There are 2 protein chains.
Amino acid sequence: MIGEKKRTYDPLALRARILDVAAAAFQARGYHSTSTHDIMREAGVTGGALHHHFPTKKSLGLAVIKERVGPAVQESWIDTVRHARTALDGILRAFDDIAESIDNRGTVLGCPLNNLAIELSLADPEFQEAMRHIFAVWRDAVADKLRSERSDAQQARQAEELATFVVASYSGAIAIAKAQQNAEPLRTCARQLAAMLGQRPPARRRLAREQPAS
Amino acid sequence: MIGEKKRTYDPLALRARILDVAAAAFQARGYHSTSTHDIMREAGVTGGALHHHFPTKKSLGLAVIKERVGPAVQESWIDTVRHARTALDGILRAFDDIAESIDNRGTVLGCPLNNLAIELSLADPEFQEAMRHIFAVWRDAVADKLRSERSDAQQARQAEELATFVVASYSGAIAIAKAQQNAEPLRTCARQLAAMLGQRPPARRRLAREQPAS
DNA sequence: TTTGAAACAGGACGACCGGTCTTTTCTGGA
DNA sequence: TCCAGAAAAGACCGGTCGTCCTGTTTCAAA
């Protein structure tokens, strides 16, 4: 069953298959630990085909970030938050969905954006810019949702900072989850965020001294 | 000044120099992107010397984690929190010190523990266990401090979860900071943690530069 | 049917990887 | 003083890396 294949001649499908395989491999093993030969083998393509669509490994990595990692964040976070009833609902939903998928899978691969951001931000300015942009879009989407439900001008201005905090909490939680290979840190951080965001203070600058038990 | 050197014959110093160079390289470029030849060149040692102290690259990586990354977390976080007046003071101090060092350096290398945890947790069980342990010690130290200042039994029980949240916030903040190459996410998250944990208003950093010894 | 460009095959390439080897140099205890 | 063994040197190995090159196949327009 080797060598019996004919050429499909479907460039877009082949390109998509390479991207899918590369995205999965980069998430699971990292960029530098994945060789182009690995990708060729797993995707069932030859070196010529790979080189035709992606002349260098870097171009493949960049395409994975823009065409796979970005949309993944869009789906798992941005769309979830945007379509939720409240910002907190959306945030908790995103945490919970990912925690559940981790339980189902059994292993924690980590956030594809976070993984690549840490591995490649300093390696190459183009990588850094691509990932910085995704982080910014992500944070802005959360900030918009938070802002939309806060009439108070003071708190609306805080939305941006709060959104950064939410994104950071998630990124760190999944990093710890990866280190201990279970979803518990995600659920813990989700609970803390709920406690923090749940209290709806309409007051002006009345920051809670201590959380009232409710 | 090349080739003029005689043998120092100071095994411990040579071993320490290799570890220092490797730790710096792993933090800046990552484990897989750093070759043993890089380390040999930068540390000014030959292959024989490197192999004598660290037979494999993995053994070097493990030693870096246990003898450099662990103590770095101990110094920058655990000691800082433990010796601070309150848990919040210690946490803010840790954030602020690291943000300041980032400003001084100009580039964000990222948290050495976080960097390696994300790159190596899935690669090897021994790496994973070593880093999981450091995360646990770190979190427990923060939890102990939080617990010590809460007489309420309900809140004391929350200390562990809160500590996980603090560590996650920091890890995520520095990941985003690395992606955008500035310390702003660290300061933002520190302000949000301050608002969440305590009384401190989001003022400019008013933290005493030097803590009184007693 | 012809033809030119795109899509793909398959392997060659030089560089470099991590690791091993043998040899030489140094040292502390007997 | 001697010497067993640790410490360090430096060449060396098989394997693999990312890239590139030369053909071959396929499609669509002429």
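Details of the structure are given in the entry above.
Rules used in this analysis
Residues numbered from 1 in each chain as written. Chains lettered and ligands numbered in written order. Predicted model: local features only at pLDDT ≥ 70, side-chain atom pairs only at ≥ 80, totals over all residues. Heavy atoms only, no water. Least-squares fit on C-alpha atoms with pLDDT ≥ 70 in both. Contact = heavy atoms within 4.5 Å. Near = heavy atom within 4 Å. Polar contact = N/O pair within 3.5 Å; in protein donor to acceptor, adjacent residues only side chain to side chain. Helix = DSSP H or I, 4+ residues; strand = E, 2+ residues; numbered from the N terminus. Nonpolar A, V, L, I, M, F, W, Y, C, P; charged D, E, K, R; others polar. Buried area = accessible area lost by both parts, 1.4 Å probe. Salt bridge = Lys/Arg side-chain N within 4 Å of Asp/Glu carboxyl O.

A. Quick look at the relation of the copies chain A and chain B. Rotating chain A by 180° about the axis while translating it 0.0 Å along that axis superimposes it on chain B, leaving an RMSD of 0.1 Å. Each copy turns onto its partner about a two-fold axis. No C-alpha of chain A approaches the rotation axis more nearly than that of G172 of chain A, which lies at 1.9 Å. When the interface residues of chain A are mapped onto chain B, 86% of them are again interface residues, pointing to one common binding face.

B. Structural view of the protein's contact with DNA strand C. As a matter of local geometry, DNA strand C sits amid 20 residues, with T46, H52 and H53 of chain A together with T36 and K57 of chain B nearest to it. Here, DNA strand C places atoms within 4 Å of the protein, and 73% of those atoms are sugar or phosphate. Within the backbone of G48 of chain A, an N or O atom sits 3.3 Å from a base oxygen of DNA strand C. Only α1 (11–29) and α3 (47–53) of chain A together with α2 (36–43) of chain B provide two or more residues apiece to the surface near DNA strand C. Residue contributions to the surface near DNA strand C peak at 5 residues, all from α3 of chain A. Here the surface near DNA strand C is built from residues that sort into 5 nonpolar, 11 polar and 4 charged.

C. Up close: unusual backbone geometry. Although it is not a glycine, Q181 of chain A sits at a positive phi angle of roughly 55°. Here Q181 of chain A is to be found in the loop between α8 (153–180) and α9 (184–198).

D. The interface of chain A and chain B, seen in detail. Contacts between chain A and chain B engage 44 residues on the former and 43 residues on the latter. With both sides pooled, the region where chain A packs onto chain B buries about 3900 Å², and carbon together with sulfur makes up 64% of that total. Interface area lost by chain A to chain B is led by I118, L122 and Q192 of chain A, which between them contribute 18%. A salt bridge links R191 of chain B to E161 of chain A; its shortest N-O distance comes to 2.7 Å. When contributions to the side of chain A that touches chain B are tallied by element, the ones reaching two or more residues are α6 (112–120), α7 (125–148), α8 and α9 of chain A. If you tally residues by element for the side of chain A that touches chain B, the top one is α8 of chain A, at 16 residues. Residues that form the side of chain A that touches chain B fall into these classes: 21 nonpolar, 16 polar and 7 charged.

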